[in-house]
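Single-letter residue listing:
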Amino acid sequence: MKIRALASYNRGDELKPFEYEAPGVTDYQCLIKVAACGICHSDIHCMDNDWSLTTYPIVPGHEVIGRVVEVGPLVGNLALGDRVGVGWQSGSCLSCLDCLRGNQQMCDQNKATIIHQYGGFADYLSVDARFAFKIPVALDTVIAGPLLCGGITVFSGLLHAGMRGGQEIGVIGIGGLGHLAVQFAAKLGNRVTAFTTSPDKAEFARSLGASETVLLDSDGGLPEKPSRKLNIIIDTVAAAKDYNAYLNCLDSDGVFNLVGVPLEAIPLSIFAFQDKRRRIMGSPIGSPAEIIQMLKIAAEHNIAPIVQSFPFSMANDAIQKVRDNKVRYRAVLTMT
Ligand code: NAP
Ligand code: ZN
């Protein structure tokens, strides 16, 4: 069987049709008929080979929702017809210490859906069923995809930065990840400050649950401190900024978590974090167990990606809109 996909054949190129032979559905593999797939900024980083990880042609797409149409003989967690989601990760060794600790996303042999195989901008996706997750009924097919990468990255990032409720939480960048971070932080009982370069988002962030917004300069500069000291800041922006200025918005023992991927080095002043025992961390996606927990919490707390959907045939327009920061708030491709 041929899988019909869209691929970028060279650095920065638009997507073009690409067909490949479906791998056999052996052992723990399953075959998913794709219904919808979000566009994460990491798809664009990889199309542009920003991280020197890309082998062309690359088929992007790692916020996949679809139905299971075939399962391998060893699959125990999924059945034919299940509606599932697949995110950034499509495999790990399952036997190293990180995997045994339940941190499969930090496995050295971590497999990525768009790097180590062809991704979800396609009619079908073949993937290890242990990295495909049943989608709660309450989450609609077209909106659920962005939870599988954007959602889990900010949910796990906030938890590992110490979010426990009753805190002051800052979110920098109100894009695909950021608009979900505002919702997770606010709906799980925190007061949220949104930092954005887009005036319309400053207004809209309040409807997502933010109590305060800081409109940044168009180059990302911080014109003023928020009114309260923050316990956690999660930075979802793919561009460098004045990190020392943001560290000085944190309370003592505050944590700054980088989940966005700026390519520049990060200049830091020791005084911005040492005197107040502040910490700087980064975090990747989340573990399979955290993905299951996150989907349950999203369904129960009515946390939902706000999406602009595009037919598969309009994928290049959608990608250009993401590049231009014109999407409100996550572009999703729908397959027919
Ligand atoms: P996105 O939807 O494009 O949102 C990024 C937001 O950053 C924009 O909406 C914009 O928000 C803000 N921004 C301000 N200046 C910018 C600039 N010069 N360049 C780019 N963005 C700028 O992207 P996303 O899908 O949320 O992804 C954000 C970052 O997280 C990317 O670097 C992506 O690779 C990374 N990521 C990391 C992980 C992980 O595992 N750690 C997982 C997924 C994604 P305002 O309009 O509000 O200013
Ligand atoms: Zn992603």
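Note that this is a predicted model, so its numbers are computed, not measured.

Asks: Quick one: what's the story with the packing of helix α4 (residues 150–160) against helix α9 (residues 288–301), residue by residue and with numbers?
Replies: Here α4 crosses α9 at 100 degrees, and the two axes come no closer than 10 Å. In terms of orientation, α4 lies roughly perpendicular with respect to α9. Contacts between α4 and α9 involve Gly-151, Ile-152, Phe-155, Ser-156, Leu-159 and His-160 from the first element and Glu-290, Ile-291, Gln-293, Met-294 and Ile-297 from the second.

Asks: Kindly report on the site of ligand 1, identifying the contributing residues and their values.
Replies: Taken together, 29 residues sit near ligand 1, with His-41, Thr-196, Thr-197, Ser-198 and Arg-330 positioned nearest. Between ligand 1 and the protein, one listed contact pairs an oxygen atom with a side-chain N or O atom of Asn-325 at 2.9 Å. Here ligand 1 loses 85% of its free accessible area of 910 Å² to cover by the protein chains. For the shell around ligand 1, the secondary-structure elements that each account for two or more residues are α1 (41–47) and α5 (176–187). The dominant element in the shell around ligand 1, judged by the number of residues it contributes, is α1, at three residues.

Asks: Any details on unusual backbone geometry? Residues and values, ideally.
Replies: Leave glycine aside and you will find that most residues have negative phi; peptide bonds, for their part, are mostly trans. At the junction of Tyr-56 and Pro-57, the peptide bond is cis and its omega measures out at -5 degrees in the coordinates. Position of Pro-57 among the secondary structure elements: in the loop between α1 and β4 (64–71). The peptide bond linking Arg-328 to Tyr-329 adopts the cis configuration, its omega dihedral lying at 0 degrees. Mapped onto the elements of the fold, Tyr-329 is located in the loop between α10 (315–323) and β17 (330–334). Although it is not a glycine, Asn-49 adopts a positive phi angle of roughly 50 degrees. The class for Asn-49 is buried, based on a relative accessible area of 17%. Phi is positive for Asn-302, which is not a glycine, with a value near 60 degrees. When you line up the elements, Asn-302 lands in the loop between α9 and β16 (307–311).

Asks: So what about the coordination of the zinc ion (ligand 2)? Which residues, and what values?
Replies: The zinc ion (ligand 2) binds to the protein through Cys-40 (SG), His-62 (NE2) and Cys-149 (SG); the donor distances cover 2.0 to 2.3 Å. Counting residues between consecutive donors of the zinc ion (ligand 2) along the chain gives the motif C-x21-H-x86-C. Within this pair, whereas His-62 is found in the loop between α1 and β4, its partner Cys-149 is found in the loop between α3 (141–144) and α4, the two being separated by 87 residues in sequence. Take Cys-149: its relative accessible area is 5%, and that puts it in the buried class.

Asks: I'd like a rundown of the side chain of His-45, residues and numbers included.
Replies: Relative to the elements of secondary structure, His-45 occurs in helix α1. Judged by its relative accessible area of 7%, His-45 is buried. With near-sequence residues (within four places) excluded, His-45 lies in contact with Asp-50, Trp-51, Ala-238 and Val-261.

Asks: Lay out the pattern of salt bridges with the relevant residues and their values.
Replies: By the definition in use, this model includes 15 salt bridges. Note that Asp-82 is salt-bridged to Lys-134, the shortest N-O span being 4.0 Å. Taken together, the positions of Asp-82 in the loop between β4 and β5 (83–86) and Lys-134 in strand β9 (residues 133–134) put the pair 52 residues apart, joining distant regions of the chain. Notably, a salt bridge pairs Glu-212 with Arg-191, separated by 3.0 Å at the nearest N-O pair. Within this pair, whereas Glu-212 is found in strand β12 (residues 212–215), its partner Arg-191 is found in strand β11 (residues 191–196), the two being separated by 21 residues in sequence. Note on accessibility: Glu-212 and Arg-191 belong to one class, buried. Through salt bridges that share partners, Glu-168, Arg-191, Glu-212 and Arg-228 make up one connected network.

Asks: Lay out the pairing of strand β10 (residues 168–172) in plain terms, naming residues and giving numbers.
Replies: Among the five residues that make up β10, five are buried, leaving the element largely enclosed by the rest of the structure. Residues Glu-168, Gly-170 and Ile-172 point to one face of β10 and Ile-169 and Val-171 to the other, with burial holding for every one of them. Alignment of β10 against β11, held across five bridges, turns out to be parallel. Bridging from a neighbouring strand, Gly-170 pairs with Thr-193 of β11. Chirality of the crossover, the property in question, places the unit of β10, α5 and β11 among those that are right-handed. Note: β10 against strand β13 (residues 230–235), four bridges, orientation parallel. Residue Ile-169 lies in a different strand from β13, and its bridge partner there is Ile-232.

Asks: Tell me about the state of the cysteines, and name the residues and values.
Replies: By the definition in use, this model includes zero disulfides. Cysteine Cys-96 remains unbridged, with the sulfur of Cys-93 as its closest cysteine sulfur at 3.7 Å.

Rules behind the numbers
- Each residue is numbered by its place in its chain's sequence as written, counting from 1.
- Labels follow written order: the first chain is A, the first ligand is 1, and so on.
- This being a predicted model, a pLDDT of at least 70 is required before a residue's local features are given, and a value of 80 or more before pairs of side-chain atoms are given or counted; all residues contribute to the totals for chains, interfaces and linings.
- Hydrogens and water molecules were not included; the side-chain quantities draw on all heavy atoms of the structure.
- In this description, a line fitted to the C-alpha atoms serves as the axis of each element, helices being fitted only across the stretch in contact, and the angle between N-to-C directions of two axes falls anywhere from 0 to 180 degrees.
- Numbering of helices and strands runs from the N terminus, with a helix taken as a DSSP run of H or I at least four residues long and a strand as a DSSP run of E at least two residues long.
- Oblique is the label for any angle not covered by the other classes, which are roughly parallel (under 35 degrees), roughly antiparallel (over 145) and roughly perpendicular (65 to 115).
- Only heavy atoms enter the contact rule, under which two residues are in contact if any of them lie within 4.5 Å.
- The cutoff for a nearby residue is simple: one of its non-hydrogen atoms must lie within 4 Å of the molecule or strand.
- Polar contacts here mean pairs of N or O atoms no more than 3.5 Å apart (in protein, one a potential hydrogen donor and the other a potential acceptor; neighbouring residues in sequence count only if both atoms are side-chain atoms).
- Accessible surface is estimated by sampling points in the Shrake-Rupley manner with a 1.4 Å probe; for residues, cover comes only from the protein chains shown.
- Residue exposure (1.4 Å probe, protein chains only): buried if accessible area is under 20% of the type maximum, exposed if over 50%, otherwise partly exposed.
- Each metal site is built from N, O and S donor atoms within 2.8 Å (3.2 Å for Na, K and Ca), and since water is not included, such sites may look incomplete.
- Salt bridge, as used here, is a side-chain nitrogen of Lys or Arg placed within 4 Å of a carboxyl oxygen of Asp or Glu.
- One bridge is not enough; two strands pair if DSSP finds at least two bridges between them.
- Call a crossover right-handed when, viewed with both strands pointing away from you, the route from the first strand across the helix to the second goes clockwise.
- By disulfide we mean two sulfur atoms from cysteines, separated by a distance within 2.5 Å.

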